[in-house]
Structures are given as structure tokens and as C-alpha cells.
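Next come the chains, spelled out residue by residue.
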Amino acid sequence: MFKVVLVMHDGENEYYRMNKVYFENMPVAGQYIYNSDGLAYRVEEVASFAGYVSEKGATTILVVHPVDKDEPVSDIYGLDIERDLDD
């Protein structure tokens with residue numbers, strides 16, 4: 001598991017920390033992700049900390065921006081997370 005800090009890029013030069021999350025596979029730039037808020041985001045950049053080792057801290061920053069609610073990816077492709085993804 002990879003623990004990352006999500007940083008929102010909202011506006012031209014506005015960045016703010018959203019939350020720490022775990023991924024089984026490290027996302028790449030251009031990929032869509034779904035956050036725990038149920039919204040879709042596109043990954044802009046992936047920045048890893050060189051030589052940083054921590055048991056409880058994140059080792060990577062993902063810079064993301066929100067996906068327009070009109071894009072199909074915002075509908076989670078018709079999936080119900082609790083019904084279709086949770087075991």
C-alpha cells in the first residue's frame with residue numbers, strides 16, 4: 001500500500017492539502033481517481049520524497065484537480081461503491 005497526501009490544485013496558483021489516502025497501486029499523471037468524498041479527480045503530478053522513510057507518514061504527493069461533474073467519469077460508471085466494490 002502507498003500512503004499519499006492529496007493536494008488540490010484549484011485555480012491558477014491555488015494549492016491546498018486535502019487528506020492522506022492509501023492506494024494499492026500508485027496513480028500516474030492523467031489518471032482519474034475517486035476520493036473518499038465520492039468525487040472524481042484527475043492526477044496532475046506525482047511527487048515522491050527522495051530518501052524519506054516513515055512508518056506513519058506519506059511518501060508521495062499527488063496533485064489533483066476536480067473533474068467536471070458533466071464528465072462520465074464523475075458518475076463512477078454506474079457503480080455503487082458499497083454494493084459493487086466492498087466485500
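Look up a bit, the structure's there.
S.K.: Quick one: what's the story with the sheet that holds strand 5 (residues 60-66), residue by residue and with numbers?
M.R.: Across the sheet, which stays open at both edges, the five strands sit in the order 2-1-5-4-3 with mixed pairing between neighbours. Since the sheet does not close on itself, it has two edges, and those belong to strand 2 (15-23) and strand 3 (32-34), each with one partner. Mean inter-strand twist for the sheet, computed between neighbouring axes without regard to direction, equals 40 degrees. Sheet analysis places strand 1 (residues 2-9) next to strand 2, joined by eight bridges and oriented antiparallel. If you follow Leu-6 over to strand 2, its bridge partner there is Asn-19.

S.K.: Outline the side chain of His-9, supporting the account with residue identities and numerical values.
M.R.: Tracing the sequence through the fold places His-9 in strand 1. Reaching out from His-9, the side chain makes a polar contact with the side chain of Glu-44 at a distance of 2.8 Å. If we ignore the near neighbours within four places in the chain, the residues touching His-9 are Glu-14, Tyr-15, Glu-44, Val-63, Val-64, His-65 and Pro-66.

Rules and cut-offs
- Residues numbered from 1 in each chain as written.
- Predicted model: local features only at pLDDT ≥ 70, side-chain atom pairs only at ≥ 80, totals over all residues.
- Heavy atoms only, no water.
- Pairing = 2+ DSSP bridges.
- Helix = DSSP H or I, 4+ residues; strand = E, 2+ residues; numbered from the N terminus.
- Axes fitted to C-alpha atoms, helices over the stretch in contact; angles between N-to-C directions.
- Polar contact = N/O pair within 3.5 Å; in protein donor to acceptor, adjacent residues only side chain to side chain.
- Contact = heavy atoms within 4.5 Å.

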